[in-house]
Amino acid sequence: MNGSVRLADCSTEEVTAFVEDLRRHYQIDQRWASAQKERITRTGFTLDEQVFTVETALRMMGLTRNFARLVLLCAHGSTSDNNPFESALDCGACGGNEGKPNARLLAAMANKPQVRERLAKNGIQIPPDTHFMAGQIDTTTDEVQLFDLEDVPPTHRKDLTRLLEDLKEAGQLTSQERCARLPEVTAALPPQQAVSHVRRRSADWSQVRPEWGLSRNAAFIIARRQVTKGLNLEGRTFLHSYDYLEDPSSRLLEIIMTAPQVVTQWINMEHYFSTVDNNVYGSGSKIYHNVVGRIGVMSGMQSDLRTGLAWQTVMNGEVPYHEPTRLLTLIEAPRARIEALIHRHEVLQRFYHNRWVHLVAVEREESALYRYLPTGSWIRVGGDQ
């Protein structure tokens, strides 16, 4: 064939012949696609590294048994126009970027037969009918985009349809809840109107507050999901599933305390200082910002580069929307294990001994809470002292 082929102008027989030509002469078929995917996923990651990455992720999430037919690994990002602070609404752990490349890569690794065989030897049996999917929620519009749908097995189409319906419903309810906190919305909106409202905010060039983002963040809970299930945390809490009975060596808890907790502390301090003195530690009002060399913003025609978060991110008019409290970390694990990790890591000592982070341990066997003091001792919270 000469030139480019416009399939819309071809008959069914011509399209079939064209596809067959691609398969016969260029080896573009399902086997070729699988080989390319294997080459791409192998680049930069050996099989051992892939097994370690998937196993660590699953164990950290507590997802080691009772796998569903579809497992959604969901990243997050945001969408807003004319917003130099858009990266502040994306993933902090991803360096202010969207997390979808990580989700897609992890899902691809988890679906590889070679990885699953090795995971089974390590005690994680993933059923053959379990398929991992990657997605990303847009925190400005509450829409969830799913990726690589062509890889979903035909046997899972009904499951996928149900998932899409549930995600749509959840997104509408989330938009309705978030709209009630926006200062411009004076009356409760029905779900569909709330969806339209958040979409308009996302695309509005004059909108200085496309969403509240992580303002009002207050706590980081490391525990089984059933500990907080049914509680209204008002969107102020970072949740990390964890069961210390599945982590006898405390290796996973160590990772959580020295990685995700560090990120949440960064976020908490960023909002804290931007609220207590926005002129010094924040960046002032967005209304006066000019972008400088695509590396930062300055106020008006001349100023130093501004740091921190904008006034509209943490303030509602003259009243703080973000409550400047230092992060509370609540861990469901024995105190002895937590203490051992604190003694091992200087960063944790700086957090707790200098009161930048408040720490509370949940003793499951005692059904009791203990607060960690800067002196290194514990005091029981509530109940009989």
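Everything quoted here is computed from the prediction, not taken from an experiment. (Residues numbered from 1 in each chain as written. Predicted model: local features only at pLDDT ≥ 70, side-chain atom pairs only at ≥ 80, totals over all residues. Heavy atoms only, no water.)

A. Focus on the packing of helix α3 (residues 47–61) against helix α5 (residues 113–121). Packing of α3 against α5 leaves a shortest axis separation of 9 Å and a crossing angle of 60°. Viewed along their axes, α3 and α5 form a crossing whose handedness is right-handed. Between α3, through L47, D48, Q50, V51, V54, E55 and L58, and α5, the contact on the second element is made entirely by Q114, V115, R118 and L119. Considered class by class, the residues forming the contact of α3 with α5 number six nonpolar, two polar and three charged. (Axes fitted to C-alpha atoms, helices over the stretch in contact; angles between N-to-C directions. Helix = DSSP H or I, 4+ residues; strand = E, 2+ residues; numbered from the N terminus. Left-handed = near helix turned anticlockwise from the far one by under 90°. Contact = heavy atoms within 4.5 Å. Nonpolar A, V, L, I, M, F, W, Y, C, P; charged D, E, K, R; others polar.)

B. Inspection of the nonpolar core at higher detail. Membership of the largest hydrophobic core comes to 29 residues, with the highest contact counts inside it found for Y242, L253, M257, I331, I338, Y352 and L359. Within the residue set of this core, elements represented by two or more residues are β4 (219–223), α9 (251–258), α10 (260–276), β10 (327–332), α12 (335–344), α13 (346–353), β11 (357–363) and β12 (368–372). The biggest single contributor to this core is α9, with four residues. Each residue touching M257, except ones within four places of it in the same chain, is listed here: V262, I331, I338, L341, L348 and Y352. Listed in part, the 20 residues of the second largest apolar core include F67, A103, V115 and I126. (Core = buried A, V, L, I, M, F, W, Y, C linked by side-chain atoms within 4.5 Å. Buried < 20%, exposed > 50% of the residue type's maximum accessible area, 1.4 Å probe, protein only.)

C. Up close: the sheet that holds β4. Sheet architecture is open: six strands sit in the order β5-β4-β10-β11-β12-β13, paired in mixed fashion. A strand with exactly one partner marks an edge of an open sheet, and here the two such strands are β5 (237–241) and β13 (378–381). Between one strand and the next, the sheet's axes are offset by a mean angle of 20°, whatever the strand orientation. Where β12 meets β13, four bridges bridge the pair, whose relative direction is antiparallel. Within β13, the residue paired with L369 across the bridge is V381. Against the sheet, α9 engages β4, β5 and β10, with an angle of about 170° to β4. Contacting β10, β11, β12 and β13, α12 crosses the sheet at an angle of about 150° to β11. (Pairing = 2+ DSSP bridges.)

D. Representation of helix α7 (residues 191–203). Helix length check: α7, at 13 residues, gives a terminal C-alpha distance of 19 Å against a target of 18 Å (1.5 Å per residue), a fit within 8%. Within α7, the full set of buried residues consists of A194, V195, H197, V198, R201 and S202. Burial along α7 is one-sided: seen end-on, the buried residues are contained in an arc of 165°. Structurally, α7 contributes buried residues whose contacts are with α6 (157–179). (Expected span 1.5 Å × (residues − 1). Arc of directions from axis to C-beta.)

E. Summary view of the packing of α6 against α7. Where α6 contacts α7, the axes come no closer than 8 Å and their chain directions differ by 75°. Relative to α7, the element α6 is oriented roughly perpendicular. Two secondary-structure elements touch here, α6 through Q172, S175, Q176, R178 and C179 and α7 through P191, Q192, A194, V195, H197 and V198. Here the residues of the contact of α6 with α7 sort into five nonpolar, five polar and one charged. (Parallel < 35°, antiparallel > 145°, perpendicular 65-115°, else oblique.)

F. Quick look at the sheet that holds strand β2 (residues 131–138). The strand order across the open sheet built from three strands is β1-β2-β3, with neighbouring strands paired in mixed fashion. At either margin of the open sheet sits one strand with a lone partner, and together these are β1 (70–77) and β3 (143–147). Along the sheet, successive strands turn relative to each other by an average axial angle of 30°, direction set aside. Both β2 and β3 contribute to a ladder of five bridges, which runs antiparallel. What sits directly across from Q136, in β3, is Q145.

G. Spotlight on unusual backbone geometry. Even without being a glycine, D142 presents a positive backbone phi close to 65°. For D142, the position within the fold is in the loop between β2 and β3. Backbone geometry places R216, a non-glycine residue, at a positive phi of 80°. With respect to the helices and strands, the residue R216 is situated in the loop between α7 and β4.

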